[in-house]
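Structure at a glance
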Amino acid sequence: MTDRQLLRHTVATVAYRAAKSIRGAPESFASFRPAPKSNSAVEIVAHMGDLYDWALSMAKGQGKWNSATPQAWDKECARFFATLKAFDDLLASEQAIQYDLTRLFQGPIADSLTHTGQLAMMRRLHGAPMKGESYNRADIVAGRVEAEQTPADPKYEFD
């Protein structure tokens, strides 16, 4: 497996876990804040989209950060998956990556995994928990980075 292939698998893992954290969330979850000064769920998803805009920009040799104004929940979730796909498309291409792959991993990709975990925790705090699962058995495939993911195998899910 090449470094790029490993990054693509990691991005697919982000997509799988983020989709699970977002799927089926009640409408009120978008504005939920676990503490008065913490980010809301929609602000976290917006930041995750910003992370992949940044990753794509760095990979193209530009390194430009942009903080988007959060949109409505559905639009922000769609934007996140669109930015994830744009980054994955670049990784899948023959185009040269203009940035250190390890730094792409340790920065935006690792940060998005942290925020995906925050969303999962916030679901539980909001009273709308998602089921956990044995993620090492999940059907995660490089290139599958959309919100639509293979459902978890119920025998590997738990409460």
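These numbers come from a predicted model, not from an experiment.

For the structure on display, the rule yields nine salt bridges. We note a salt bridge from Arg33 to Glu43, for which the minimum N-O separation is 3.0 Å. Placement of Arg33 in the loop between α1 (3-22) and α2 (41-59) and of Glu43 in helix α2 is noted, with a sequence separation of 10 residues between them. Note on Glu43: relative accessible area 26%, which makes it partly exposed. Between Lys85 and Asp89 there is a salt bridge, with its nearest N and O atoms 3.0 Å apart. Here Lys85 pairs with Asp89, and both are found in helix α3 (residues 73-92), just four residues apart, close to one helical turn. Residues joined by salt bridges that share partners form a network here, namely Asp50, Asp53, Glu76 and Arg79.

The subject of this paragraph is the environment of Arg23. Take Arg23: it is sitting in the loop between α1 and α2. Overall, Arg23 belongs to the partly exposed group, its relative accessible area being 41%. Along the chain, Arg23 and Tyr135 lie 112 residues apart, while their C-alpha atoms are 16 Å from each other. Contact partners of Arg23, with chain neighbours within four places excluded, come to Arg123 and Ala147.

What counts, and where the lines are drawn
Residues numbered from 1 in each chain as written. Predicted model: local features only at pLDDT ≥ 70, side-chain atom pairs only at ≥ 80, totals over all residues. Heavy atoms only, no water. Salt bridge = Lys/Arg side-chain N within 4 Å of Asp/Glu carboxyl O. Helix = DSSP H or I, 4+ residues; strand = E, 2+ residues; numbered from the N terminus. Buried < 20%, exposed > 50% of the residue type's maximum accessible area, 1.4 Å probe, protein only. Contact = heavy atoms within 4.5 Å.

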